[in-house]
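The residues making up each chain are set out below.
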Amino acid sequence: MVELSVENIVVDIDGNRILESISFSAKSGEIICVIGPNGSGKTTLLRTILGVIRPKAGDVRIGNRSIYSMSWKEKSAIFSYLPQDVPKVPFTVVELIIFGLNGVASHSSAVRCNSTRVESILDSLEMRHLISRSITTISGGERKLAYVSMALSRDVDAYLFDEPTAHLDYRHAVEVMNLLRVLARRGKIVIFATHDLTLAARYADKFVLLNHGKLVGVGGLDDVFRPKLLRSVYGIEFYIIRKNGSVSAVVPK
Amino acid sequence: MRETVETAYRHIISHRIRILLILSVLLFISFIMGISIGPISIPILDVILCLLGLHKDSFAAVIILNIRLPRVLVSALAGACLALAGCLTQATFRNPLASPYILGLSYGATFVLSIAIVYLDAPFAFLPIFAFLGSLLAISLVFAIAGSSWDTAALILAGIAISAFFSSLTSLILYFAGAKAYVIIFWIFGGLTGVSWNVFWVVFLGSLPILIAVAGLAGKLNILMLGDDIASSLGLDVNNIRLLAIILASLLTAIVVSYLGPIGFVGLIVPHICRIIVGSDNRFLIPASAMFGASFLTLVDLIARTAIAPAELPLGAIIGVMGSPYFAYLVRNRRRLLW
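In this text the structure is predicted, and so the values were computed from the model without any measurement. (Residues numbered from 1 in each chain as written. Chains lettered and ligands numbered in written order. Predicted model: local features only at pLDDT ≥ 70, side-chain atom pairs only at ≥ 80, totals over all residues. Heavy atoms only, no water.)

Scanning chain B for helices and strands turns up 13 helices and zero strands. Secondary structure elements of chain B occur, N-terminal to C-terminal, as α-α-α-α-α-α-α-α-α-α-α-α-α. Taking all 339 residues of chain B together, the buried fraction comes to 57%. Counted over contacts in chain B with a minimum sequence separation of 6, partners at least 24 positions apart contribute 76%. Carbon and sulfur atoms make up 72% of the accessible area of chain B, which amounts to about 13900 Å² in all. A distance of 6 Å separates the average location of the 18 positive side-chain charges in chain B from that of its 12 negative side-chain charges. (Helix = DSSP H or I, 4+ residues; strand = E, 2+ residues; numbered from the N terminus. Buried < 20%, exposed > 50% of the residue type's maximum accessible area, 1.4 Å probe, protein only. Contact = heavy atoms within 4.5 Å. Areas by Shrake-Rupley, 256 points an atom, 1.4 Å probe, with all protein chains shown as cover. Lys, Arg positive; Asp, Glu negative; His and termini not counted. Charge placed at Lys NZ, Arg CZ, Asp CG, Glu CD.)

Here it is, written out as structure tokens:
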């Protein structure tokens with residue numbers, strides 16, 4: 001059982017306060033969704049948890065250890081990260097996946113992978129026909145899926161996905177979310193940021209709502225998806241459509 | 001049969017190993033040609049017998065052992081060094097157009113070397129130290145200006161600014177250099193004229209550990225190319241690896257520039273062609289570029305010393321004439337670049 005706790009982190013970048021006293025925790029098996037308008041600090045929060053940004057104050061802990069006291073190698077055994085914008089690199093999809101699986105240990109042609117799991121991810125995301133293609137010659141959405149496949153293939157404790165469904169059609173977006181749910185059921189921590197409030201409401205167990213770098217809501221669906229709170233953050237009204245007691249869609253009025 | 005990750009990957013690897021074998025044959029052929037062809041041509045059989053230690057006392061052996069062998073070995077080593085410096089800068093800057101020449105490394109090295117030659121009377125074996133300081137200065141400035149942002153325009157513009165700055169400073173030094181200007185001008189042409197075993201040993205002992213270090217870095221360069229955040233999440237200490245890659249690229253450039261002059265475009269053309277034939281995985285790209293770079297420079301040097309024999313054409317100028325249109329082609333067709 002792993003617990004990740006974000007404790008009062010404060011992040012300044014170039015003299016600007018980007019995150020202000022953010023605290024929440026995530027347990028094994030939980031899907032946490034970070035939501036908020038553009039520029040609210042979602043990406044910065046994920047990158048701070050990953051450790052590429054060091055907070056001015058506060059800490060991120062896995063169990064009792066601060067992630068900032070760990071080496072990159074140690075952190076790589078804990079986190080799998082998917083950035084919002086995925087780079088166009090001159091590798092084939094299969095190389096990308098292999099590099100992700102091997103990490104810095106990549107030497108010779110060692111294929112160290114749980115092949116059944118990787119193969120099923122490729123099938124779910126319909127990526128098989130693209131595995132020998134170069135990342136530079138496939139579409140933007142396919143490129144995103146290639147990186148999603150890489151990040152999902154890794155066997156770690158926590159998955160930090162920044163807008164995993166951006167650039168994806170509905171079917172693929174749902175598939176990606178289903179795969180994240182499978183990981184959570186296997187006891188992994190999933191933290192993802194998104195602008196898609198419907199997907200957020202349908203898949204996440206817990207929500208972290210940011211606005212101008214401040215934590216304005218944290219908790220379950222009923223704590224965060226309150227019309228008044230969403231209106232104050234996004235500046236518009238939302239329809240929160242429920243079916244059989246659970247939220248089936250969140251759309252702007 | 002459906003293609004799995006493992007079968008697809010095995011397929012790619014075995015294809016690449018075949019290409020590496022072909023490139024090693026090409027290297028061998030260019031090596032033998034480089035020794036065999038010249039103002040006095042030596043039959044290939046004699047070349048091979050001589051290299052095997054037979055035929056020691058013949059006239060051909062004197063030419064081979066004293067003149068052609070050191071020259072071919074130095075050109076091959078220099079070609080490998082320049083090609084790998086290109087692989088390193090391209091991975092570090094995440095840009096296929098980033099090469100030591102375009103980033104201005106060679107100009108930085110030339111500038112500091114000119115000071116060393118004109119004002120410090122630096123001894124022969126210490127020249128690479130000055131060239132290294134110059135390349136490191138240039139690449140640090142480019143990095144400070146352009147960063148590793150995948151932005152080709154920023155990178156090329158930074159390279160232009162740095163190259164112009166250092167070449168102007170070099171011109172000023174030349175202007176006030178008096179009689180020593182001739183030494184520098186001849187050296188700026190770039191070439192392997194009069195290369196001796198002394199040069200070979202300095203280049204060989206200087207470059208071998210660096211070439212080995214670069215090969216050891218290959219897997220990490222692949223990860224670095226995925227961007228800082230992904231690379232960090234995969235366990236790479238991004239800043240340290242980038243610094244190491246920049247230092248190694250500067251060292252490789254420095255060794256070559258010190259003894260052969262500022263030879264451009266090898267670091268651009270060779271990795272680019274190799275990327276087309278073996279892909280961008282640095283574990284294959286690096287050995288492929290080393291072998292192809294070695295063959296390339298050996299063959300161009302062969303042209304340089306035979307085209308108007310007994311006189312020689314300046315090697316740097318020939319590669320410049322070949323390389324500039326290639327660079328222009330890449331810039332014009334950058335949408336079709338592999339990256």
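Right, let's get into the confidence of the model for chain B. Here chain B averages 87 in pLDDT, and 96% of its residues register 70 or above. Element-level mean pLDDT values for chain B span from 78 in helix α7 (residues 181-189) of chain B up to 95 in helix α12 (residues 282-306) of chain B. (pLDDT = per-residue confidence, 0-100.)

Before going further, it helps to examine a nonpolar patch on the surface. All names here are of chain B. On the surface, Val 25, Phe 28, Ile 29, Met 33, Ile 37, Ile 44, Ile 48, Leu 52 and Leu 54 cluster together to form a nonpolar patch covering roughly 800 Å² of accessible area. Mapped by element, the contributors of at least two residues to the nonpolar patch are α1 (5-36) and α2 (44-51). In terms of residue count, α1 provides more of the nonpolar patch than any other element does, four residues in total. Summarising the element assignment, Ile 44 is placed in helix α2. (Patch = residues over 30% accessible without salt bridge, like charges linked within 9 Å, V, L, I, M, F, W, Y side chains within 5 Å. Salt bridge = Lys/Arg side-chain N within 4 Å of Asp/Glu carboxyl O.)

At the junction of the two partners, chain A supplies 39 residues and chain B supplies 29 residues. Summed over both partners, the interface of chain A with chain B comes to about 3200 Å²; 67% of that surface belongs to carbon and sulfur atoms. Contact with chain B buries area across many residues of chain A, yet Trp 72, Pro 90 and Val 104 of chain A alone supply 18% of it, more than any other trio. In this assembly, chain A and chain B are joined by two salt bridges. Between Glu 95 of chain A and Arg 16 of chain B there is a salt bridge whose closest N-O contact spans 2.7 Å. The interface formed by chain A and chain B includes seven residue pairs in polar contact (both at pLDDT 80 or more). Elements represented by at least two residues in the side of chain A that touches chain B include exactly α1 (42-50), α2 (72-76), β6 (79-82), α3 (93-102), α4 (115-124) and α5 (140-153) of chain A. Residue contributions to the side of chain A that touches chain B peak at six residues, all from α3 of chain A. (Buried area = accessible area lost by both parts, 1.4 Å probe. Polar contact = N/O pair within 3.5 Å; in protein donor to acceptor, adjacent residues only side chain to side chain.)

Here we take up the packing of helix α4 (residues 105-118) of chain B against α7 of chain B. Residues and elements named next belong to chain B. At a minimum axis separation of 10 Å, α4 and α7 run at an interaxial angle of 150 degrees. Accordingly, the angle class assigned to the pair α4 and α7 is roughly antiparallel. Of the two elements, α4 crosses α7, and the hand of that crossing is right-handed. For the pair α4 and α7, the contacting residues are Thr 110, Leu 113, Ser 114, Ile 117 and Val 118 in the first and Val 183, Ile 184, Trp 187 and Ile 188 in the second. Among the residues making up the contact of α4 with α7, the classes are represented as seven nonpolar, two polar and no charged. (Axes fitted to C-alpha atoms, helices over the stretch in contact; angles between N-to-C directions. Parallel < 35°, antiparallel > 145°, perpendicular 65-115°, else oblique. Left-handed = near helix turned anticlockwise from the far one by under 90°. Nonpolar A, V, L, I, M, F, W, Y, C, P; charged D, E, K, R; others polar.)

All names here are of chain A. Counting across every chain of the model gives 23 salt bridges over all chains. Notably, a salt bridge pairs Lys 188 with Asp 155, separated by 3.1 Å at the nearest N-O pair. With Lys 188 in the loop between α6 (170-185) and β8 (189-193) and Asp 155 in the loop between α5 and β7 (158-162), this pair connects stretches of sequence that are 33 residues apart. Each of the salt bridges in this network shares a partner with another, and the network as a whole consists of Asp 12, Arg 17, Glu 20 and Lys 56.

Time to look at the environment of Pro 128 of chain B. All names here are of chain B. Mapped onto the fold, Pro 128 is located in helix α5 (residues 127-146). Here Pro 128 falls in the buried class, since its relative accessible area comes to 14%. Distance in space between the C-alpha atoms of Pro 128 and Leu 251 is 7.8 Å, their sequence separation being 123 residues. Residues within four places of Pro 128 in sequence aside, it is in contact with Ala 254, Ile 255, Ser 258 and Tyr 259.

This part is about the packing of aromatic side chains. As enumerated under the stated definition, the model contains 17 aromatic pairs over all chains in all. On the numbers, 5.6 Å between centres and 35 degrees between planes, the contact of Phe 111 of chain B with Phe 166 of chain B is tilted. Highlighted residues: Phe 111 of chain B in helix α4 and Phe 166 of chain B in helix α6 (residues 152-175), separated in sequence by 55 residues. For the pair Phe 111 of chain B and Phe 166 of chain B, a shared accessibility class is recorded, and that class is buried. Pairwise contacts between aromatic rings join Tyr 101, Tyr 107, Phe 265 and Phe 327 of chain B into one cluster. In this structure, Lys 75 of chain A is placed above the aromatic ring of Trp 72 of chain A, and the distance from its NZ or CZ to the ring centre is 3.8 Å. (Phe/Tyr/Trp six-rings, centres within 6.5 Å; stacked < 30°, edge-to-face > 60°. Lys NZ or Arg CZ within 6 Å of the ring centre and 35° of its normal.)

A word on the packing of α3 of chain A against α1 of chain B. Packing of α3 of chain A against α1 of chain B brings their axes to within 10 Å, and their N-to-C directions diverge by 105 degrees. The orientation of α3 of chain A with respect to α1 of chain B, classified from their angle, is roughly perpendicular. Of α1 of chain B, the residues touching α3 of chain A (which contributes Val 94, Glu 95 and Ile 98 of chain A) are Val 5, Ala 8, Tyr 9, Ile 12 and Arg 16 of chain B. In terms of residue class, the contact of α3 of chain A with α1 of chain B is made up of six nonpolar, no polar and two charged.

Further remarks concern helix α9 (residues 227-234) of chain A. Residue and element names in this part refer to chain A. Buried residues of α9: Leu 229, Leu 230 and Val 233, and no others. Down the axis of α9, the sector holding all buried residues measures 95 degrees, keeping them to one side. The exposed residues of α9 that point more than 90 degrees off its buried face are Lys 228 and Ser 232. Along its buried surface, α9 packs onto β9 (206-211), β10 (214-219), α8 (221-224), β11 (238-243) and β12 (246-252). Remark: Gly 235 follows α9 within two positions and exhibits a positive phi of approximately 80 degrees. (Arc of directions from axis to C-beta.)

With that settled, the discussion passes to unusual backbone geometry. Residue and element names in this part refer to chain A. Not every positive phi belongs to a glycine, and Asn 8 is a case in point at roughly 50 degrees. We classify Asn 8 as partly exposed; its relative accessible area is 46%. The backbone of Glu 126 sits at a positive phi, close to 55 degrees, despite the residue not being glycine. Judged by its relative accessible area of 40%, Glu 126 is partly exposed.

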